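Examination of the molecular architecture
One-letter residues, chain by chain:
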Amino acid sequence: MSLLRAIRCVVVAALVPQCSSTGKGPVGIYAIDARYVVIADSNFNALLVVDAKLGGAVGALSWPLDKNGTRVTAASDPQTWVSLTGVASCPTCGFAYVTSNHGAEFWRVSLPEPLAAMAARRDFAGLGNASVAPLALVVDGANLTHSGKLRMVRVSADGSAGYVAHLSRGVFAFDPRRTGAAMPAKRILEADGAAGLQFADDENELLATTMGAVLVLKTRNASAAPRAVKVQSACNGHHARDAVKADGLFYVISGPQQGAGCKGLFEVGEACRLLTARTRSVNWVDGPYSAAHFSRPHAMTRLPGTDLIALTDIDNRAVRLYAFRGPAKGEVTTVPYDDGLWRRLLGGAPRPRPARPQATARARDFLGLGAGAPGDAPAAPALWTSQRCASCWLHWPGECPATDHDKNSKSYTKATWGHDRRLLARAERDGALRYECRNAAKPALTADVCC
């Protein structure tokens with residue numbers, strides 16, 4: 001079966017939204033440092049290193065095995081791909097751990113050098129040479145893989161402790177330094193619906209997110225009862241998916257009960273506050289949180305040493321940034337990365353998409369930043385790129401249908417959105433490019449940047 005024929009664009013309807021399916025796009029995320037993140041992308045069947053400062057994918061590991069254990073080739077049917085889910089590593093680790101929805105579901109990636117070392121050189125070519133091995137996750141003699149229920153995974157900063165969430169059995173601890181085909185694990189939390197998994201900044205706490213609450217575990221005293229931060233009851237029935245703790249507050253990816261709408265971002269402290277425009281909206285808009293729209297943010301991480309939280313936005317196939325403090329507090333921006341990846345990674349796009357070059361280098365040149373702008377570079381004007389903020393829901397890996405307008409907003413299987421918006425590239429004083437999806441009809445620029 002050809003890749004073209006395998007594509008089925010099944011879309012979340014903007015007016016009658018439903019969120020029962022996973023879709024294809026970025027799922028799990030791991031922050032290498034303040035600039036680079038690794039995402040597990042189920043649409044490209046790859047681990048991708050994304051530059052959160054300038055945009056773009058700067059490294060990739062295409063997944064070598066399908067769900068049957070057969071080597072993936074250019075002729076492989078995307079329906080046999082494993083659907084990557086979670087990813088984790090550590091600054092000194094020569095390994096990473098990955099979960100997937102299909103196939104072995106628990107994987108060890110042997111890296112030629114730590115990801116942090118690659119980031120220090122700004123060279124991720126070595127990631128493509130990493131080797132991948134499937135693992136059995138063994139608990140009391142039983143293998144927990146091949147269940148379709150492993151979700152996010154985390155590894156401590158020193159690489160000595162690993163944790164993985166299981167959707168129906170809770171959270172399990174393992175030793176990530178151990179080698180071999182079988183990985184012994186021990187359950188440290190019994191919970192139903194465990195999906196999200198994050199460390200607090202000091203790693204003394206592990207945040208396990210279930211549908212109803214964020215359960216806070218003490219990593220140095222796993223036998224202690226977890227503290228429950230209620231989400232579903234505090235946030236008007238919305239269920240939780242993943243959480244980050246920052247400045248004493250919990251930032252939670254959440255969504256309404258089944259069939260009532262799609263996921264959004266909430267701030268949970270003494271009260272629950274919505275940080276997106278509308279929970280029922282499926283769209284792609286940046287700006288203040290009161291105006292920003294997501295499709296379905298799925299996982300999140302805090303960028304170390306910054307005021308930013310990075311979220312994977314599956315159906316928009318982008319990384320989104322939320323500023324939780326500082327001068328830009330409450331602002332949502334986009335980190336684009338998917339343009340041209342079908343050609344680069346898979347040898348050819350199954351369907352042509354309207355021209356959407358990222359034009360990062362050209363934008364930087366036009367704005368006078370150059371390749372290595374000093375940190376005190378003066379602020380430059382914002383420019384439109386030719387990349388539209390248009391997307392759709394993909395049931396199978398592929399690209400959205402080629403169209404220049406939104407259509408079929410009431411059809412679950414045919415809707416597209418975002419064609420009236422384009423990415424605005426805004427130069428920051430720290431040399432970064434901030435991308436914002438804005439209404440293209442509103443003047444906000446000095447020139448267009450194209451291919």
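Now for a description of the structure that goes with this document.

Cut-off values and rules
Residues numbered from 1 in each chain as written. Predicted model: local features only at pLDDT ≥ 70, side-chain atom pairs only at ≥ 80, totals over all residues. Heavy atoms only, no water. Salt bridge = Lys/Arg side-chain N within 4 Å of Asp/Glu carboxyl O. Helix = DSSP H or I, 4+ residues; strand = E, 2+ residues; numbered from the N terminus. Buried < 20%, exposed > 50% of the residue type's maximum accessible area, 1.4 Å probe, protein only. Polar contact = N/O pair within 3.5 Å; in protein donor to acceptor, adjacent residues only side chain to side chain. Contact = heavy atoms within 4.5 Å. Disulfide = S-S within 2.5 Å. Phe/Tyr/Trp six-rings, centres within 6.5 Å; stacked < 30°, edge-to-face > 60°. Core = buried A, V, L, I, M, F, W, Y, C linked by side-chain atoms within 4.5 Å. Pairing = 2+ DSSP bridges. Axes fitted to C-alpha atoms, helices over the stretch in contact; angles between N-to-C directions.

**Regarding the pattern of salt bridges**
Here the structure, examined in full by the defined rule, presents 16 salt bridges. Its salt-bridge partner being Asp315, residue Arg296 comes within 2.6 Å of it at the nearest N-O pair. Here Arg296 is found in the loop between strand 23 (287-288) and strand 24 (297-302), whereas its partner Asp315 is found in the loop between strand 25 (308-313) and strand 26 (318-323), with 19 residues between them in sequence. Residue Arg296 shares its accessibility class with Asp315, and that shared class is buried. Among the ionic contacts, a cluster of salt bridges with common partners joins Glu205, Lys218 and Lys245.

**Structural notes on the side chain of His419**
Residue position: His419 is located in the loop between strand 30 (416-417) and strand 31 (421-427). Residue classification places His419 among the buried positions, given a relative accessible area of 13%. Looking at His419, its side chain comes within polar contact range of the main-chain oxygen of His405, at 3.4 Å. Polar contacts involving the side chain of His419 include one to the side chain of Asp406, which spans 2.8 Å. When near neighbours in sequence (up to four residues on either side) are disregarded, His419 contacts Arg388, Ala390, Thr403, Asp404, His405 and Asp406.

**Observations concerning the state of the cysteines**
Counted according to the given criterion, the structure contains four disulfides. Covalently, Cys90 is tied to Cys93 through a disulfide, its sulfur atoms 1.9 Å apart. With the S-S dihedral at roughly 100°, the linkage between Cys90 and Cys93 falls on the right-handed side. Classification of Cys93 by relative accessible area gives buried; the value is 3%. Residue Cys392 pairs covalently with Cys400 via a disulfide, S to S 2.3 Å. Between Cys392 and Cys400 the disulfide shows an S-S torsion of about -100°. By sign, it is left-handed. Note on accessibility: Cys392 and Cys400 belong to one class, buried.

**Some thoughts on the packing of aromatic side chains**
Evaluation of the coordinates by the stated rule reveals nine aromatic pairs. What links up through ring pairs into an aromatic cluster is the set Phe95, Tyr97, Phe106 and Phe174.

**Some remarks on the nonpolar core**
Of all hydrophobic cores here, the largest spans 36 residues; its most connected members are Ile39, Val171, Leu197, Leu303 and Tyr337. For Leu197, the contacting residues outside a window of four places in its chain are Met152, Val153, Arg154, Tyr163, Val164, Ala165, Val171, Leu206, Leu207, Ala208 and Asp242. Counting residues in each nonpolar core, the second largest holds 26 residues, with Leu84, Val87, Val109 and Leu111 among its members.

**Re the environment of Val268**
As for its placement among the helices and strands, Val268 is situated in strand 21 (residues 264-268). In the structure, Val268 is positioned 25 residues away from Ala243 in sequence and 9.7 Å away in space, judged by C-alpha atoms. Setting aside residues up to four positions removed in sequence, Val268 forms contacts with Val229, Lys230, Cys235, Leu249, Phe250 and Val252.

**Regarding the sheet that holds strand 15 (residues 196-199)**
Each strand in a sheet pairs with its neighbour through backbone hydrogen bonds, running either in the same direction (parallel) or in the opposite one (antiparallel). Taken in spatial order, the four strands line up as 15-16-17-18 in an open sheet, and their pairing is antiparallel. In this open sheet, the two edge strands, each paired with only one partner strand, are strand 15 and strand 18 (227-230). Ignoring which end each strand starts from, the neighbouring axes of this sheet average 20° apart.

**Describing the pairing of strand 7 (residues 106-110)**
The buried fraction of strand 7 is high, at four of five residues. Bridge analysis of strand 6 (residues 95-100) against strand 7 gives five bridges, and the strand direction is antiparallel. Bridge pairing in strand 7 places Ala96 opposite Val109. Once strand 6 ends, the chain turns through five residues before running back antiparallel as strand 7, passing Gly103 with a positive phi of about 75°.

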